[in-house]
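# Understanding the architecture of this molecule
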Amino acid sequence: MKDIYKLLYTLTYFISLVPMKIYDILHGTEFSKIEKTGDKDGRFEYYPSPIFSFVLLKRYINLFLQGGKGHAILDIGCGKGYMLNFFRRYTFDKISGLEYDKKLCIKAKKNLKKLHSNIKIYNIDAIDFPAYKYYDVFYMYNPFDEHIMELCIEKILESLKENPRKITVIYCNPLYENVLIKKGFKVKKVFYYKTKVFELYGD
Ligand SMILES: C[S@@+](CC[C@H](N)C(=O)[O-])C[C@H]1O[C@@H](n2cnc3c(N)ncnc32)[C@H](O)[C@@H]1O
């Protein structure tokens with residue numbers, strides 16, 4: 001049963017790349033191409049978020065995040081910036097991405113420039129990012145393994161000391177959700193296409 005589910009997921013994932021490819025052709029961007037950078041010490045390679053999770057994600061942003069107003073969102077491991085472009089449709093006060101791979105960062109900047117966006121992209125590892133305190137919503141599409149996840153979440157929690165706030169983590173393909181649960185996050189929503197939303201009220 002598990003194998004059938006895995007196969008279905010893989011199949012639908014590749015189907016989801018088709019509209020993305022069409023978008024790329026129409027806009028001269030390069031979001032859809034998967035990059036075989038390999039697993040670098042638990043840092044997973046680039047593949048864009050599956051568009052099948054978007055229907056519920058859109059509804060979630062509108063219903064629970066006021067369409068973005070009053071919130072600052074950071075894509076941790078933003079790759080070529082596909083989700084940053086998606087978040088532009090909303091009224092987030094701030095949208096940024098961070099990406100450790102320099103080549104991907106350059107591609108993300110190029111993609112967003114083509115779309116006339118000046119969203120900030122930081123070329124930095126998630127475990128070294130010094131500015132989590134400026135964000136309250138974090139998006140991740142399975143960027144790294146459990147160990148890095150732990151270090152990254154610790155860093156986000158550390159930022160609560162300087163800026164106490166409610167934190168939301170939107171985690172697509174949440175392989176290491178146990179880290180969030182261990183650190184006190186509660187599951188707020190489960191989307192059918194392997195996406196979960198977690199919340200933590202920091203004081
Ligand atoms: C599955 S891709 C997701 C890309 C993008 N968020 C999206 O949804 O389309 C994961 C990305 O995380 C990046 N990544 C992996 N480990 C990282 C780390 N420690 N710090 C920053 N980025 C990382 C990878 O290079 C890759 O681009």
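Whatever comes next refers back to the structure up there.
Anyway, here's the lowdown on the structure attached to this text. Being a predicted model, the structure only gives us computed values, none of them experimental. (Residues numbered from 1 in each chain as written. Predicted model: local features only at pLDDT ≥ 70, side-chain atom pairs only at ≥ 80, totals over all residues.)

Membership of the largest hydrophobic core comes to 47 residues, with the highest contact counts inside it found for Ile 73, Ile 76, Phe 138 and Val 169. In this structure Phe 138 touches Leu 74, Ile 76, Ile 156 and Val 169, once residues within four positions along its chain are discounted. (Core = buried A, V, L, I, M, F, W, Y, C linked by C-beta atoms within 7 Å. Buried ≥ 20, exposed ≤ 12 C-beta atoms within 10 Å, placed from the backbone. Contact = placed C-beta atoms within 7 Å.)

The terminal C-alpha atoms of helix 5 (residues 146–162), which comprises 17 residues, lie 25 Å apart, in line with the 24 Å expected from a rise of 1.5 Å per residue. For helix 5, the set of buried residues is Ile 148, Met 149, Cys 152, Ile 153, Ile 156 and Ser 159. End-on view of helix 5: buried residues confined to an arc of 130 degrees, all on one side of the axis. Among the exposed residues of helix 5, those oriented more than 90 degrees off its buried face are Glu 146, Glu 158 and Lys 161. (Helix = DSSP H or I, 4+ residues; strand = E, 2+ residues; numbered from the N terminus. Expected span 1.5 Å × (residues − 1). Arc of directions from axis to C-beta.)

The environment of the ligand is formed by 25 residues, the closest being Arg 43, Ser 49, Gly 77, Gly 79 and Pro 143. When residues of the shell around the ligand are traced back to their parent elements, those giving at least two are helix 3 (82–87) and strand 2 (94–99). Residue composition of the shell around the ligand, by class: 16 nonpolar, four polar and five charged. (Near = placed C-beta within 6 Å. Nonpolar A, V, L, I, M, F, W, Y, C, P; charged D, E, K, R; others polar.)

Right, let's talk about the pairing of strand 4 (residues 137–141) for a bit. As a general feature of sheets, a regular strand has side chains that alternate between the two faces. Counting buried residues along strand 4, five of its five residues qualify, which places the element largely inside the surrounding structure. Of the two faces of strand 4, both are covered, the one formed by Val 137, Tyr 139 and Tyr 141 as well as the one formed by Phe 138 and Met 140. Relative to strand 4, strand 1 (residues 72–76) runs parallel, the two being bridged by three bridges. From the neighbouring strand, Asp 75 faces strand 4, where its bridge partner is Tyr 139. Here strand 4 runs beside strand 5 (residues 166–172); their pairing, made up of five bridges, is parallel. Of the residues in strand 5, the one forming a bridge with Val 137 is Thr 168. For the handedness criterion, the β-α-β arrangement of strand 4, helix 5 and strand 5 is classed as right-handed. (Pairing = 2+ DSSP bridges. Right-handed = clockwise from strand over helix to strand, strands pointing away.)

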